[in-house]
Structures are given as structure tokens and as C-alpha cells.
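Listed below are the residues making up each chain.
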Amino acid sequence: MSARRKDTAEENNGFSEEEQERRSAEDQATSSSSSAASKPEEPIIQNIPESVDDFLRNFLRRLGLTRTLSNFEVEWYSSTQTSSSFFIPDALTHRQILQKELDTVHRDTQLLQMEVLEAAQSLVRMQRETDFHRMQHQRVSEQKNSIIKDYKQLQEHLENYEVALKQLEEKNQAALRTKTLLGLQRERAQNLPESRLNQEKPKEKPAKKPSTRSFSRQPKIYRPQNPQMASGKTNFQLSCSIRAHHQPISCIALHPSKLVLASASDDRTWKLWHLPQSGEKVGRMLLRGEGHSDWLSGCSFHPDGSKLATTSGDMTVRLWDFSLGHCVLTLTGHSQPTWGCSFHSCRHLLASCSADRTAKLWDVNSRCCRLTLRRHTASVNSITFLPSSDLLLTCSVDKTLIMWDARLGAGTATFCGHQHPCNHASFSPATYAVASCDSRGIINLWDTRKPASPTAAVDTGPQGANQVAFNQSGKLLAVASSDGLVRLVEVDACSVSSLTGHRKSVQSVTFDHEGGALMSAGSDGEINVWF
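Residues numbered from 1 in each chain as written. Predicted model: local features only at pLDDT ≥ 70, side-chain atom pairs only at ≥ 80, totals over all residues. Heavy atoms only, no water.

Going by an unreviewed UniProt entry, the protein chain carries the name Sperm-associated antigen 16 protein and comes from Characodon lateralis.

1. What to know about the state of the cysteines
Put simply, the rule reads: Here, two cysteine sulfur atoms that lie within 2.5 Å of each other are counted as a disulfide.
Under the defined criterion, the tally for this structure stands at zero disulfides. For the unlinked cysteine Cys353, the closest cysteine sulfur is that of Cys395, found at 7.6 Å. In this structure Cys369 is a free cysteine whose sulfur lies 7.5 Å from that of Cys368, the closest cysteine sulfur available.

2. Section: the sheet that holds strand β5 (residues 284-290)
In plain terms, the rule: What makes two strands pair is DSSP finding at least two bridges between them. Only DSSP runs of H or I reaching four residues or more are called helices, and only runs of E reaching two or more are called strands; each is numbered from the N terminus. Only C-alpha atoms enter the line fits that serve as axes; for helices the fit covers just the stretch in contact. Angles between N-to-C directions range over 0 to 180 degrees.
With respect to topology, four strands assemble into an open sheet ordered β2-β3-β4-β5, the strand pairing being antiparallel. A strand with exactly one partner marks an edge of an open sheet, and here the two such strands are β2 (249-254) and β5. Averaged over all adjacent pairs, the angle separating strand axes in this sheet is 20°, with direction ignored. The pairing of β2 with strand β3 (residues 260-265) spans five bridges and is classified as antiparallel. Directly across from Cys251, in β3, lies its bridge partner Ala264.

3. Here's the deal with the nonpolar core
As a rule of thumb, nonpolar side chains are buried together in soluble globular proteins. Which entries qualify depends on this criterion: We call a set of buried residues a nonpolar core when its members are Ala, Val, Leu, Ile, Met, Phe, Trp, Tyr or Cys and they connect through side-chain atoms within 4.5 Å of each other. A 1.4 Å probe rolled over the protein chains alone gives each residue an accessible area, and that area as a share of the maximum for its type sets the label: buried under 20%, exposed over 50%, partly exposed in between. When checking whether two residues touch, look at their non-hydrogen atoms; a contact exists if any pair is within 4.5 Å.
By size, the foremost hydrophobic cluster in this structure holds 15 residues, and its most contacted members are Ala262, Trp270, Leu272, Cys299, Phe301, Leu308 and Phe322. Contributions of two or more residues to this core are made by β2, β3, β4 (269-274), β5 and β6 (296-301). For Leu272, the contacting residues outside a window of four places in its chain are Val260, Leu261, Ala262, Arg284, Met285, Leu286, Leu287, Phe301 and Phe322.

4. So, the pairing of strand β27 (residues 518-522)
Of all the five residues making up β27, five are buried; the element is thus mostly covered by neighbouring parts of the structure. Residues Leu518, Ser520 and Gly522 point to one face of β27 and Met519 and Ala521 to the other, with burial holding for every one of them. Where strand β26 (residues 506-511) and β27 come together, five bridges link them in antiparallel fashion. Following the sheet pairing, Val509 is matched in β27 by Ser520. Between β26 and β27, which pair antiparallel and follow one another directly, the connecting turn spans six residues, one of which, Gly515, has a positive phi of 80°.

5. Details of the sheet that holds β6
Spatial strand order, β6-β7-β8-β9: four strands in an open sheet with antiparallel pairing. The open sheet terminates on both sides in strands that have one partner only, identified here as β6 and β9 (326-332). The mean inter-strand angle of the sheet, taken between neighbouring strand axes irrespective of direction, is 20°. Here β6 runs beside strand β7 (residues 307-312); their pairing, made up of five bridges, is antiparallel.

6. Quick word on a nonpolar patch on the surface
The cut-off we apply is this: Residues enter a patch when their relative accessible area is above 30% and they make no salt bridge; the linking distance is 9 Å between like charges and 5 Å between nonpolar side chains (Val, Leu, Ile, Met, Phe, Trp, Tyr). Only the protein chains shown count as cover for residues, and the accessible areas themselves come from Shrake-Rupley with a 1.4 Å probe. Salt bridge, as used here, is a side-chain nitrogen of Lys or Arg placed within 4 Å of a carboxyl oxygen of Asp or Glu.
Taken together, the side chains of Leu158, Tyr161, Leu165 and Leu168 define a hydrophobic patch exposed on the protein surface, amounting to about 450 Å² of accessible area. Tracing the sequence through the fold places Leu168 in helix α5 (residues 90-200).

7. Thoughts on the environment of Thr330
Selection criterion: Nitrogen and oxygen atoms within 3.5 Å of one another constitute a polar contact, given that in protein one can donate a hydrogen and the other can accept it, and given that sequence-neighbouring residues count only through two side-chain atoms.
Residue placement: Thr330 occurs in strand β9. Measuring from C-alpha to C-alpha, the distance between Thr330 and Arg367 comes to 8.4 Å, with 37 residues separating the pair along the chain. A polar contact of 3.4 Å, which involves the side chain of Thr330, links it to the side chain of Arg318.

8. Considerations on the UniProt feature "coiled-coil region" (unreviewed entry) in the protein chain
What counts, and what does not: UniProt positions are given in the numbering used here, feature names are shortened, and annotations may be inferred rather than shown by experiment.
The UniProt feature table records "coiled-coil region" (unreviewed entry) at residues 144-178. The annotated region residues 144-178 carries 100% helix and 0% strand content, and the separation between its end C-alpha atoms amounts to 47 Å.

9. Here we look at the packing of aromatic side chains
Going by this rule: Put simply, two rings from Phe, Tyr or Trp (the six-membered ring, in Trp's case) pair if the centres are within 6.5 Å, and we call them stacked under 30 degrees between planes, edge-to-face over 60, tilted for the rest.
Throughout the structure, instances matching the rule amount to seven aromatic pairs. With 6.5 Å between their ring centres and 20° between their planes, Phe55 and Phe59 make a pair best called stacked. Linking Phe55 with Phe59, this pair stays in helix α3 (residues 52-63), spanning four residues, or about one helical turn. By relative accessible area, Phe55 is classed as partly exposed at 41%. Using a relative accessible area of 28% as the deciding quantity, one classes Phe59 as partly exposed. With a centroid separation of 6.0 Å and an interplanar angle of 65°, the aromatic rings of Phe301 and Phe322 are classed as edge-to-face. Of this pair, Phe301 sits in strand β6 while Phe322 sits in the loop between β8 (316-321) and β9, placing them 21 residues apart in sequence. By relative accessible area, Phe322 is classed as buried at 1%. The structure contains a cluster of three or more aromatic residues connected by ring pairs, namely Trp270, Phe301, Trp320 and Phe322.

Here it is, written out as C-alpha cells:
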């Protein structure tokens, strides 16, 4: 029995039944008056916890309402049994809540303890790493001080030797220019007796007066002395590699009469190289020129071999004199980068092509533009003169080739057949054939007399073909491919073979004067010589 029950039992024992009835009546009156007073207010129904039933039992027993007490107990227990939910004592509920909070605090405490342990371990690890890095820093600082000391000493030595090296370099450049000039003079001296003999011959027939609209002075045609070379050599092996530039080489060109090769590079310079003979492994640099403000895209020798024309991303065409060792002419007029150039056999006419969709003919003597060829609808990627002719060939990103009459500045034929942008086109020196290549690696062979459609097509893809070049017999075609291979195409059989030697894409190829050697250059900055 609870404490309340004991108190009420003691109180009931101390009063008589009349007193109890009187008190119960008063309690009923006060309860009725209080209920009447509180009628206007809405009753607040609350969930009465189970501990209240003890109070009610004690209250009814104290008043002697036994029947009401029995009815209350019957209804109370029946309602608790039939009800789906039952009340939980306040103390138990509070205890459960506190227990949950206590469990939560215990878990948080354990997590905090683990985090503290991990933080302590991380702190120890960081302290060890700090000590290690401090020692490394001290060691690196000592090495840095020693390197600075060595650098200062080397700088002092360099300052002492810089003047001597500069003088030696100037002497070397002067000697190379003198050597090249002497070679050109010796070649002219050798050709001079032949011209005198031609002048001393009796004039049997009067010579025809050249047309005022054509270009005179035909170039010297180099015919192979070896019959085997004339038929076209197809087996080539890598003889040597020349580390010519530190950046990609965009174009190479062969001297008209000597085994001298010009290379143009993205490093804004051009160089002249003496090519090694069969069996030699080393190529010598003869000259070096710089003056363009952007990458070089093409180069072409003057017909007499004394000058070199270069094109560049700075939208200019420059002419360089080997005997002077510097640029003697700068041609400006294109509005976009220039891609290539080619000399006419008359020696004073130079053609150039550009990304501005035009090709221009320049008069080197008057230093002005004579003609502007406008017919392509996209960038003109290559330009070349047909040997001993006034015909000019251009190819463009618009997938067409156009043959021009350089005297009139008009297109004489249009070659349509490529499905992708054309990168380069070249004439055959011995036949009427023309070869062109595109960005998909398709090689089209054309007959200049029948430009309606290609006579043959060779697929060297899927990588693009950057340049094509015929040998002297016109029976073998070299292709510079973007996949790092040099491909050889036999024109008659359209069979393809490959040469491996470059580490990156091949940008330019050319044969020597007899077709017995092949030179290739690529984005790896190397020139490979194949025999």
C-alpha cells in the first residue's frame, strides 16, 4: 500500500462516520460549485497516467463510496484490457528516457575517445614528418648553397670565355659563308665555258624572239646518269638521322644542283645542311637564318641556288641571300599566314599561297606583286610551278586543285575528286602526272591532259598525308604521313610500302637529283636520309 493510502487510512480512523458524511457532503458541494464556476471553460482532456488510479481509490474509500469504487475498478480494468494502448508510469517513462540519453552519452563518449586517440596518433605522426621535413629542408638548403656557389664560379668562367666564343662563332659563320660563296662561284665558272662554246657556234638559223608575255631562261634539268636510278629505286634503308631543330620541321627543299638541303622549322629559323653521301653518318650545318616573327611553313631555292625564299605564320615571304647571310627582301601583302612558295624558271618570279584563299605572283626585281589569283574558296595549302613551264598548280582546303597560266593569271583546269581538304600537290618531272594528297590519307593521281577525274587513287590513311614528291623518273611517289611513316607508292602498280624511322608525324619529303636517296623531315625535329 502506498504512502497516500496509509495517510487516508489514518485520517479515516480518526473521524466518526457522521463526520465523514458531513465532510463528503461539503466536498461534493465545493466540487459542484467549482464545476459550476468552471463551466464556461472548455475541459482539457489529458492522458492520465496509471499512478492516478491509486489516488482515486483512496479518495473513494475515504468517502465510503464502496459501490462507486467497485464500479470504478471494474470499468478501469476492463478499459485497460480492451484498449489497444496503455499508459506507462511517469517514473518508468522518465527512467527510459534518461537511460536512452545515458546510452547516447556513452556512445558519444566512446566516439570522442576514439577521435582523441586518432588525433593523438596523427599528432605524433605529424611531429615525426615535421622532423623529417626539417632535416630534408636543411639538406636541400645546404645543396642549394653549394649549387649557388658552383653557379657563381661557372658564371665567372663563362664571362671569361664568352668573348672568345663570340669571336669564334663569328669566324665560323664567315668561313661557312665564304665556303658556300666559293662553291657557287666555282659552279658558275664550270658552267661558263659551256655558254661561251654555245656563243661561238655559227648561227645557222635565227633564234626566235621570246614572247613578251612568257618568262625566259629555262632552268637546268638534271637527268639521272645511272639507268637503274632512272627506272626508279624502290628499296630504301635509313642511312642517318640529323637532329636539325628542337621543334617540328615544316618543310625541306633540295638545292638545284648540290646535295644541300634547306629546312624550315617552327622555331622561326631555317638552316642549310650538307647531306652525307652513301655510307656517311653525319650531316653538316652550313648556314642558319632567323628573322621571321612566327613559325616557318615553307621554303624554296632560287633556280641558281644562291638564294632561299621562306614563308611564315607572320604573313610575309622573305628572300635570303647566302653570300650576304641575311634577308634581302620582305614581301608583304597576304592577310593570313603564308603556307608555301615556288620560284619560276625565269628566276625573278616567285609564287606564294596563303590561308587568305589567294595565291600571289611576286616580281623579285621590282619587289611588288604582279598578280593575285582568286578562285579558291578556302585556304590555299600548296603552290608549285611545273618545271620549264608557265603553268602553276595550287591545292586548297576546298578539296580542289587548280592549274593556272602564270602569264594571264587565269585558271586553265580544275581537278575535283577529293572528299577531304587537300594538303599538297606535286608535278611529275618526267610525265604529265600530278599527285595530290588530303587530310584523310587519300592519294589521287591525275593526268594534266584529262583533269576531269583522277586516273588512280591510293589509300594511305586513316591518318592524313602531308606532302607528296615524285622521283626523277616519275614512277615512284613518296608520301609524308601523319602516322610517322614515309610511304612509297609505285605509280604504275599503285602498290604501297612503308619506311619507319620517325617518332612523330612526317611533314615533308623529297628525292635527290638522281632518285637514289630520299630525305624526310617531321615533327620530331629530325631529318632522315634514306639510301
